Amino acid sequence: MEGLVDFKGAAYFVSRCGVYPDNRFVRYYETESVNKARDAQFLSTILESEFQVDPALNFVSILDARDGSDLDFETAMTRRIAFCGAANEDLKNTQDSLLEYGLYPDRMELSSVSTLGGLCDYARFNSIDAPVLFFELTSQAATIFIQSKGQLDVARPIPVGLDSIYPILQRELGLKDESSARKLFFSNTFDFAEMGPKLMRKVIKELQASTGFYEVQTGQTIEYLFISILPKNLSWVAKTISEALGLEIMQPSYEPWMKSLNVKVSEGVELMNLGSRWMGLFSLMGEYHLREEVANG
């Protein structure tokens, strides 16, 4: 950290932090009525029965799925909500790790949620009306988000992550163990594009099921694919999925969007050369939820 920030004698650097606790969750739910969405006890029961999340062991936020604002139990006029959070213990451990790095988080956000919020605002700003499939792929699991016109329509996990790929890669290339497969997977020495459909078969199957159901249910056609987090050397993952699903990969144009949020960067930063994984960082910077009125839906 000392190489990036001038602490000027301070013990900690006050910062806004985006974090990825292992057991974080974002779940979309639509209640039967507005009154149900205002009933905290009902929502707590749904969280446990539908999503197997214990409110006593997890820090939970309930958001309005239309704009990402905190749900107001007194005045809420929506049936569409999103449960977000993570285990209390995991969040504490994450905060402790940040303190060890010399960071004092004045605000700690789930990067899954802040990135989703940034993507929704980006879609509204650019008048992207067609639904966008946002796929967050991590080691042990993945989450499927679908947003339409800047509002969340789907948020569900799938039990398939990058870890499920290593045994397949080991078998295909005759490697001695999964550890060797993992090292090769993240290296820049092998082009996986050709075997991408084999490696991503389980993931693609889950995505096809979710997107197909959404399109039948809503009558809308998903046109874009957005994948966050993954480093540049795994760009073949997005290409493989986009070809399998017939979607266009969304390549964000950050400069006009960030200008609209009054976010400025150094002259040495070339925004046009930055890929989708930067959406998470930039989404922590802008107060975009204050810029537009909530669209009723």
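1. Regarding the side chain of aspartate 64
Phase 1: Mapped onto the secondary structure, aspartate 64 falls in strand 3 (residues 58–64).
Phase 2: According to the relative accessible area criterion, aspartate 64 is buried, its value standing at 7%.
Phase 3: A polar contact is formed between the side chain of aspartate 64 and the side chain of arginine 66, at a distance of 2.8 Å.
Phase 4: Not counting residues within four places of it along the chain, the set of residues in contact with aspartate 64 comprises Ser69, Leu71, Thr78 and Arg80.

2. Points about the sheet that holds strand 8 (residues 151–158)
Phase 1: Reading across the sheet, the five strands line up as 8-7-6-9-10 and stay open at both edges, with mixed pairing between neighbours. Each end of this open sheet is capped by a strand with a single partner; those strands are strand 8 and strand 10 (248–249).
Phase 2: Of the strand pairs in this sheet, strand 6 (residues 132–137) and strand 9 (residues 224–227) are connected by four bridges, and their pairing is parallel. Counterpart to phenylalanine 134 in the pairing with strand 9 is phenylalanine 226.
Phase 3: Packing of helix 4 (residues 111–125) onto the sheet brings it into contact with strand 6, strand 7 (142–148), strand 8 and strand 9, and relative to strand 6 it is tilted by some 160 degrees.

3. Observations concerning the sheet that holds strand 2 (residues 25–30)
Phase 1: Taken in spatial order, the three strands make up an open sheet running 2-4-3, and their pairing is antiparallel. A single partner strand is all that each edge strand has here, and the edge strands are strand 2 and strand 3. Direction aside, neighbouring strands of the sheet carry axes that sit 20 degrees apart on average.
Phase 2: Bridge analysis of strand 3 against strand 4 (residues 80–87) gives seven bridges, and the strand direction is antiparallel. By the bridge assignment, valine 60 is partnered in strand 4 with glycine 85.

4. Considerations on a nonpolar patch on the surface
Phase 1: A contiguous nonpolar patch, built from Tyr12, Val14 and Tyr104 and spanning about 310 Å² of accessible area, is present on the exposed surface.
Phase 2: Note that tyrosine 104 resides in strand 5 (residues 103–110).

5. A look at the pattern of salt bridges
Pairs may arise between side chains of opposite charge once their charged atoms sit close together.
Phase 1: A full pass over the atoms with the stated rule returns nine salt bridges.
Phase 2: The shortest N-O distance in the salt bridge between arginine 107 and glutamate 109 comes to 2.5 Å.
Phase 3: The class for arginine 107 is partly exposed, based on a relative accessible area of 32%.
Phase 4: By relative accessible area, which is 16% here, glutamate 109 ends up buried.

6. Thoughts on the packing of helix 5 (residues 165–173) against helix 6 (residues 178–185)
Phase 1: Between helix 5 and helix 6, the least distance of the axes is 8 Å, while the angle of their chain directions is 95 degrees. Taken together, the axes of helix 5 and helix 6 lie roughly perpendicular to each other. Contacts between helix 5 and helix 6 involve Ile165, Tyr166, Pro167, Leu169, Gln170 and Leu173 from the former and Glu178, Ala181, Arg182, Leu184 and Phe185 from the latter.
Phase 2: Tallied by class, residues from the contact of helix 5 with helix 6 come to eight nonpolar, one polar and two charged.

7. Structural notes on the confidence of the model for the protein chain
Phase 1: Across the protein chain, the average pLDDT comes to 90, with 93% of residues at 70 or higher.
Phase 2: Note that pLDDT drops below 50 for residues 293–297; the model gives that stretch eight contacts with residues more than four away or on any other chain.

What counts as what
Residues numbered from 1 in each chain as written. Predicted model: local features only at pLDDT ≥ 70, side-chain atom pairs only at ≥ 80, totals over all residues. Heavy atoms only, no water. Helix = DSSP H or I, 4+ residues; strand = E, 2+ residues; numbered from the N terminus. Buried < 20%, exposed > 50% of the residue type's maximum accessible area, 1.4 Å probe, protein only. Polar contact = N/O pair within 3.5 Å; in protein donor to acceptor, adjacent residues only side chain to side chain. Contact = heavy atoms within 4.5 Å. Pairing = 2+ DSSP bridges. Axes fitted to C-alpha atoms, helices over the stretch in contact; angles between N-to-C directions. Patch = residues over 30% accessible without salt bridge, like charges linked within 9 Å, V, L, I, M, F, W, Y side chains within 5 Å. Areas by Shrake-Rupley, 256 points an atom, 1.4 Å probe, with all protein chains shown as cover. Salt bridge = Lys/Arg side-chain N within 4 Å of Asp/Glu carboxyl O. Parallel < 35°, antiparallel > 145°, perpendicular 65-115°, else oblique. Nonpolar A, V, L, I, M, F, W, Y, C, P; charged D, E, K, R; others polar. pLDDT = per-residue confidence, 0-100.

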